[in-house]
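Chain by chain, the residues run as shown.
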Amino acid sequence: MPVMAVVSILHRISGVAMVLLIPLLVYLFDLSLRNPQGFQTVLAVLNSTPVRLLEVLLVWMLAHHFFAGVRFLVLDMDWGVEKAVARKSAWLVHGAAVVTTLLIAGALL
Amino acid sequence: MSWRGANGLRPWLMQRLSAVYMAGFLLFALGSLAGASSVSFEAWRDWVGQPLVNAAMALFVVALLTHAWVGTRDVLMDYVKPMALRFPLLLLFALIFLISLFWSLRVLFSVAAA
């Protein structure tokens, strides 16, 4: 599969996965703002080891979706549409997503 | 060509406008929270309760759910061809997004008013 197609399909997969997380995130947001106990509960959940691994996955999905989205916006403006450039920018999206994930995971873990 | 009649243009544009706003808000939130001096309920509630942050978050929720709706709609139209299945799924997601919208706005409002 060409690298540009991988960017497109990952953009979709990460988008759908994050959509499915919305109700859970709204619930955690509500709980975190209700009272100090709720806030501590949310912190405890977010700091547990299995959840932390999922958070790294979520950060990667968000970072990939973000950079792939920026790339699509740039392509919309007819910039970098030549095949060689589009292939390079697709690799750049994968790389930027991994680097961002490592940086944020490093700060979180 | 009328605005509404421009087939697919309005969702296409909404997807991009919401994306640009969310990108800006995420960078702002990341920068603002990275400089936080303490992790506590009070600090978190005060941050979310600041009028500017509160309003920016409310707009973020609207942008996120608009973006989620257009994206979900695109995916369902591409991969779920039978109408008997596609329509209930669209309805289900519309309901989930609407509940999420009013739920988060209520939370934001309660903190702003506190």
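Scroll up a little and you will see the structure.
Residues numbered from 1 in each chain as written. Chains lettered and ligands numbered in written order. Predicted model: local features only at pLDDT ≥ 70, side-chain atom pairs only at ≥ 80, totals over all residues. Heavy atoms only, no water.

K.L.:
Can you help me understand helix α4 (residues 83-113) of chain B in this one?
P.N.:
Spacing of three or four residues puts side chains on the same side of an α-helix, whose turn is 3.6 residues. Along its 31 residues, α4(B) runs 44 Å from first to last C-alpha, staying within 8% of the 45 Å computed at 1.5 Å per residue. Buried within α4(B) we find B:Arg86, B:Leu90, B:Phe93, B:Phe97, B:Ser100, B:Leu101, B:Ser104, B:Val107, B:Leu108 and B:Val111. Elements that come into contact with the buried residues of α4(B) comprise α1 (3-34) of chain A together with α2 (41-49) and α3 (51-79) of chain B. (Helix = DSSP H or I, 4+ residues; strand = E, 2+ residues; numbered from the N terminus. Expected span 1.5 Å × (residues − 1). Buried < 20%, exposed > 50% of the residue type's maximum accessible area, 1.4 Å probe, protein only. Contact = heavy atoms within 4.5 Å.)

K.L.:
Looking at this model, I keep getting lost on the pattern of salt bridges. Mind explaining?
P.N.:
Between side chains of opposite charge, pairing is possible as soon as their charged atoms come close. Residues and elements named next belong to chain A. As enumerated under the stated definition, the model contains four salt bridges over all chains in all. For Arg34, the salt bridge goes to Asp30, with nearest N and O atoms at 3.2 Å. A residue pair is termed a helical-turn pair when its members lie 3 or 4 positions apart in one helix, as Arg34 and Asp30 do in helix α1 at four residues. A residue is classified by how much of its surface remains accessible, and Arg34, at 49% relative accessible area, is partly exposed. (Salt bridge = Lys/Arg side-chain N within 4 Å of Asp/Glu carboxyl O.)

K.L.:
What's the story with the environment of B:Arg106 in this structure? I'm lost.
P.N.:
With respect to the element layout, B:Arg106 can be found in helix α4. Considering only alpha carbons, one finds B:Arg106 and B:Ala58, 48 residues apart in sequence, at a separation of 9.7 Å.

K.L.:
Before we go on, may I ask you to explain a nonpolar patch on the surface in this structure?
P.N.:
Residues A:Met1, A:Ile9, A:Ile13 and B:Tyr79 make up a contiguous nonpolar surface patch of roughly 470 Å² in combined accessible area. Counting through the fold element by element, A:Ile9 comes out in helix α1. (Patch = residues over 30% accessible without salt bridge, like charges linked within 9 Å, V, L, I, M, F, W, Y side chains within 5 Å. Areas by Shrake-Rupley, 256 points an atom, 1.4 Å probe, with all protein chains shown as cover.)

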